[in-house]
Amino acid sequence: MSLTCRSLMETVAACFGWRRAYGDTAQVDALLAEQSEAAYNAAADHTALATAKNTNALHVQPGVLDARSRILAHVLYLEGVLAGARNRGLPSEVIEHLEDAVDHGHELTVLLADAVRSTTAAHTHSSS
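The following refers to the structure shown. (Residues numbered from 1 in each chain as written. Predicted model: local features only at pLDDT ≥ 70, side-chain atom pairs only at ≥ 80, totals over all residues. Heavy atoms only, no water.)

So, the pattern of salt bridges
Let me state the cut-off plainly: Any Lys or Arg side-chain nitrogen located within 4 Å of an Asp or Glu carboxyl oxygen qualifies as a salt bridge. Secondary structure elements are taken from DSSP: a helix is a run of H or I of four residues or more, a strand is a run of E of two residues or more, and numbering for both begins at the N terminus.
Counted by the stated rule, this structure contains 3 salt bridges. Of the charged contacts, one joins D66 and R70 as a salt bridge, the two residues approaching to 2.9 Å between their closest N and O atoms. Residue D66 and its partner R70 are located together in helix 3 (residues 57–87), separated by 4 residues, close to a single helical turn. Of the charged contacts in the structure, one is a salt bridge between E99 and R86, with a shortest N-O distance of 2.7 Å.

Printed below as a string of structure tokens:
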């Protein structure tokens, strides 16, 4: 099944509060590979569009703010997943990986906030 079809089915299922879990590592690896392939295929388009649009530091700012907002929302969701995993006594390996992901996500939001601030500073310096 294609990633697009699977994504559509999972989106519809999510509307009803359903999520699919994969019990087989091969299925998970295949899904992860499909996600990566789709993201990397889209990256070339993003690069071309960003090169055309981002003519100064302020043009970069909205996209970085948007990415930070979405990442922060996902990290906070993962914090809830982590809390649930701890409360249910899930295996320590699962908890450790979730902790790493949450910590990394928070670090990423800090880096993105710094990037946003730098767009303002760069604009201020170029306007002077």
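So that's the structure; there's more coming.
With respect to helix 2 (residues 25–53)
Our working rule: A helix is expected to reach a length of 1.5 Å times the quantity of its residues less one. The bend reported for a residue corresponds to the angle between axes fitted to the seven residues ending at that residue and the seven starting there. For this analysis, a polar contact is any N or O atom pair within 3.5 Å, provided that within protein one partner can donate a hydrogen and the other can accept it, and provided that sequence-adjacent residues contribute only side-chain to side-chain pairs.
Given a rise of 1.5 Å per residue, 29 residues ought to cover 42 Å, and the 41 Å separating the end C-alpha atoms of helix 2 matches this to within 8%. Bending of helix 2 peaks at approximately 25 degrees at the position of A43. Where helix 2 begins, the side chain of D24 points an oxygen toward the backbone nitrogen of A26, at a separation of 2.6 Å.

Quick notes on the side chain of T119
Going by this rule: Under the scheme applied here, a residue whose accessible area is under 20% of the maximum for its type counts as buried, over 50% as exposed, and between as partly exposed, the area being computed with a 1.4 Å probe on protein chains only.
Along the chain, the position of T119 falls in helix 4 (residues 92–127). On the accessibility criterion, T119 (6% relative accessible area) is buried. At 2.9 Å, the side chain of T119 forms a polar contact with the side chain of Q61.

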